[in-house]
Amino acid sequence: MHWKNIAYIMREKHTIDELHRPKVSYEEKKIFCNVKSVGFSEFYQAQTAGLKPEIKLETKLIDLKDVTHVKVNDVIYKVLRIYQKQDVTEIVLTSMVVANE
């Protein structure tokens with residue numbers, strides 16, 4: 001399979017700053033992938049939970065343990081779902097739906 005896009009998987013890293021306050025940063029790792037569109041069924045299921053799936057990535061089978069976010073084209077998305085198929089891993093990415101007040 002030919003990978004056309006680059007993304008960065010991100011794992012949260014919790015530390016304490018010099019004033020002893022908790023600090024969250026991200027450890028990034030480059031992956032090669034293909035950006036796909038989200039299907040209608042998946043889109044509407046996520047909408048009912050207050051989530052808005054934006055894009056889907058396909059990549060080779062890799063360790064995605066503790067991956068919480070993915071950066072694609074300098075935009076950071078939250079991982080909604082990770083699904084392992086026979087020869088690829090599918091990652092559905094989302095941003096939170098902001099309610100109008």
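Check the entry above for the structure.
Residues numbered from 1 in each chain as written. Predicted model: local features only at pLDDT ≥ 70, side-chain atom pairs only at ≥ 80, totals over all residues. Heavy atoms only, no water.

**Some details on the overall build of the protein chain**
For the protein chain, the count of helices and strands is one helix and six strands. When the helices and strands of the protein chain are read in sequence order from the N terminus, they spell out β-β-α-β-β-β-β. In the protein chain, which comprises 101 residues, the share counted as buried stands at 34%. For the protein chain, restricting intrachain contacts to residue pairs at least 6 apart in sequence, the fraction spanning at least 24 positions comes to 56%. Only carbon and sulfur atoms are counted for the fraction: they give 51% of the accessible area of the protein chain, which is about 7,300 Å². (Helix = DSSP H or I, 4+ residues; strand = E, 2+ residues; numbered from the N terminus. Buried < 20%, exposed > 50% of the residue type's maximum accessible area, 1.4 Å probe, protein only. Contact = heavy atoms within 4.5 Å. Areas by Shrake-Rupley, 256 points an atom, 1.4 Å probe, with all protein chains shown as cover.)

**With respect to the packing of aromatic side chains**
One pass over the structure, following the stated rule, counts zero aromatic pairs. Above the ring of Tyr8, the side-chain terminus of Lys71 is found at 5.6 Å from the ring centroid. (Phe/Tyr/Trp six-rings, centres within 6.5 Å; stacked < 30°, edge-to-face > 60°. Lys NZ or Arg CZ within 6 Å of the ring centre and 35° of its normal.)

**So, the nonpolar core**
Ala7, Ile9, Leu57, Val70, Val72, Ile91 and Leu93 are the most contacted members of the largest nonpolar core, which totals 15 residues. The set of elements that each furnish at least two residues to this core consists of β1 (5–16), β2 (22–36), β3 (51–60), β4 (67–72), β5 (75–84) and β6 (88–96). Considering each element in turn, this core owes the most residues, three residues, to β4. (Core = buried A, V, L, I, M, F, W, Y, C linked by side-chain atoms within 4.5 Å.)

**Describing the pattern of salt bridges**
Charged atoms that come close allow side chains of opposite charge to pair. The full count for this structure, using the stated rule, is six salt bridges. Where Lys56 meets Glu90, a salt bridge forms, and the shortest distance between an N and an O atom there is 4.0 Å. Taken together, the positions of Lys56 in strand β3 and Glu90 in strand β6 put the pair 34 residues apart, joining distant regions of the chain. Comparing Lys56 with Glu90, the two get one shared label, buried. (Salt bridge = Lys/Arg side-chain N within 4 Å of Asp/Glu carboxyl O.)

**Looking at the pairing of β1**
The pairing of β1 with β2 spans twelve bridges and is antiparallel. Within the sheet, the bridge partner assigned to Tyr8 lies in β2 and is Lys30. Linking β1 back to β2 in an antiparallel pair, the connection comprises five residues, with His20 at a positive phi of about 65°. Here five bridges tie β1 to β4, and the two strands are oriented antiparallel to one another. Note that in β4 the partner of Tyr8 across the bridge is Lys71. (Pairing = 2+ DSSP bridges.)

**Considering the side chain of Thr59**
Its place among the elements puts Thr59 in strand β3. In terms of polar contacts, Thr59 uses its side chain to reach the backbone carbonyl oxygen of Phe32, at 2.7 Å. Ignoring anything within four residues of it in the chain, the contact list for Thr59 reads Trp3, Ile31, Phe32, Cys33, Val88, Thr89 and Ile91. (Polar contact = N/O pair within 3.5 Å; in protein donor to acceptor, adjacent residues only side chain to side chain.)

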